[in-house]
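Breakdown of the fold
Residues per chain, in single letters:
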Amino acid sequence: MPDSPLGIPPDMRPAHVAVVMDGNGRWAKQRHLPRTIGHQRGRRAVRRLIEAAHQLGVPYLTIFAFSSENWSRPAAEVDALMRLFLKALQRDIDEMHRNGVRLRFIGDCARFSPALQSLMQQAEARTAENRQLFLQVAVSYGGQWDILQAVRSLMASGDALPADDAALRARFEVQLATAPCPPVDLFIRTGGEQRISNFLLWQLAYAELYFTDCLWPDFDRAAFETALAWFAHRQRRFGGVIDD
Ligand code: FPP
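A brief report on the enclosed structure follows. (Residues numbered from 1 in each chain as written. Predicted model: local features only at pLDDT ≥ 70, side-chain atom pairs only at ≥ 80, totals over all residues. Heavy atoms only, no water.)

Across all of its chains, the model carries eleven salt bridges by this definition. With a shortest N-O distance of 3.1 Å, Arg-189 and Asp-22 are connected by a salt bridge. Residue Arg-189 is located in strand β5 (residues 186-189), and its partner Asp-22 is located in the loop between β1 (16-20) and α1 (24-30); the two are separated by 167 residues in the primary sequence. Each member of the pair Arg-189 and Asp-22 is classed as buried. Put simply, Arg-73 and Glu-77 hold a salt bridge, and the shortest N to O gap is 2.8 Å. For Glu-77, a relative accessible area of 9% translates into the label buried. Connected through shared salt-bridge partners, Arg-43, Arg-47, Asp-92 and Glu-95 make up one network. (Salt bridge = Lys/Arg side-chain N within 4 Å of Asp/Glu carboxyl O. Helix = DSSP H or I, 4+ residues; strand = E, 2+ residues; numbered from the N terminus. Buried < 20%, exposed > 50% of the residue type's maximum accessible area, 1.4 Å probe, protein only.)

When its volume is computed, the largest pocket comes out at roughly 960 Å³. If you go around the largest pocket, you meet 43 residues; those closest to its centre are Met-21, Val-46, Phe-64, Ala-65 and Phe-85. Of all elements in the fold, only α1, α2 (35-55), β2 (60-67), α3 (75-98), β3 (101-106) and β4 (133-141) reach the threshold of two or more residues within the lining of the largest pocket. With ten residues, the top contributor of residues to the lining of the largest pocket is α2. In the lining of the second largest pocket, the residues fall into 13 nonpolar, three polar and four charged. (1 Å grid on protein atoms, 1.4 Å probe; cavity = no way out; pocket = protein on both sides within 12 Å on 5 of 7 lines; lining within 4 Å. Points joined across faces, edges and corners; volume = space filled by probe spheres on them. Nonpolar A, V, L, I, M, F, W, Y, C, P; charged D, E, K, R; others polar.)

This part takes up the site of the ligand. The local shell around the ligand holds 19 residues, among which Asp-22, Gly-25, Arg-26, Arg-35 and Arg-73 are the closest. In this structure, an oxygen atom belonging to the ligand sits 2.9 Å away from a side-chain N or O atom of Asp-22. Arg-26 places a polar main-chain atom, nitrogen or oxygen, 2.7 Å from an oxygen atom of the ligand. Relative to its free-state accessible area of 630 Å², the ligand is covered by the protein chains to the extent of 89%. (Near = heavy atom within 4 Å. Polar contact = N/O pair within 3.5 Å; in protein donor to acceptor, adjacent residues only side chain to side chain. Areas by Shrake-Rupley, 256 points an atom, 1.4 Å probe, with all protein chains shown as cover.)

Attention now goes to the environment of Ser-67. When you line up the elements, Ser-67 lands in strand β2. As for Ser-67 and Asp-108, which are separated by 41 residues in sequence, their C-alpha atoms are 9.6 Å apart. In this structure Ser-67 touches Ser-140 and Tyr-141, once residues within four positions along its chain are discounted. (Contact = heavy atoms within 4.5 Å.)

Before going further, it helps to spend a moment on the side chain of Asp-146. Within the element layout of this structure, Asp-146 appears in helix α5 (residues 143-156). Buried within the structure, Asp-146 lacks any salt-bridge partner; Arg-104 is the closest side chain of opposite charge, at an N-O distance of 8.5 Å. A polar contact of 2.9 Å, which involves the side chain of Asp-146, links it to the backbone nitrogen of Ala-177. The residues contacting Asp-146, other than those within four sequence positions of it, are Tyr-141, Leu-176, Ala-177, Thr-178 and Gln-203. (Lys, Arg positive; Asp, Glu negative; His and termini not counted.)

Okay, here's the thing in structure tokens:
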């Protein structure tokens, strides 16, 4: 892993960062602009985050682009978001590939248009061997959906479930949409709300939770570095105790 320009030792950096990118609508409203402009500026912030994560040596990044619940937004906003995802995939994929980004979409992707699904699959296949940054884009995703689909897969195997909890947990975790990514170390939510909103529920079990009032389109490299510096000072006990 490259040395961080922040001077944070590698063992104090998060391996997996998950981000709820909230505040696009309010960012636009403050400027008397349509919400869709907020999402467009949000896309720029996504590009900055990917670059920063790559440069600062964060190997796994998961971003919440569209939740299972976002389908209930007005049709015009859902359409605009779909067009934005399509455009982002067409325009940003070359640069991501050049930078060694492996792209994966997690969620109930069958709900997307055939054109979008096909682009998603192409992008995943093209970047499958990249190793600089594993980027998961959660789309039509919900943490409860993920747990339920993992349970279904486990049951569908027809094998007897292990009595031992550790063995059962291991069998279950490989069925999660995020497997084989490690658990989340640092959860970031922009936009001032302090909730998880059905994002990665199982995977956040021991994550440090970082909330900022910064609206997503304003989230830049400096804001990300502030979150990483905050994380480096957390004392993680994973349910145990640490001697003074
Ligand atoms: C939440 O803000 C944001 C979303 C539901 C969409 C996230 C999409 C992007 C950041 C755009 C680009 C993404 C990719 C992967 C290319 P909100 O609309 O709920 O804002 P509000 O709470 O201020 O209304």
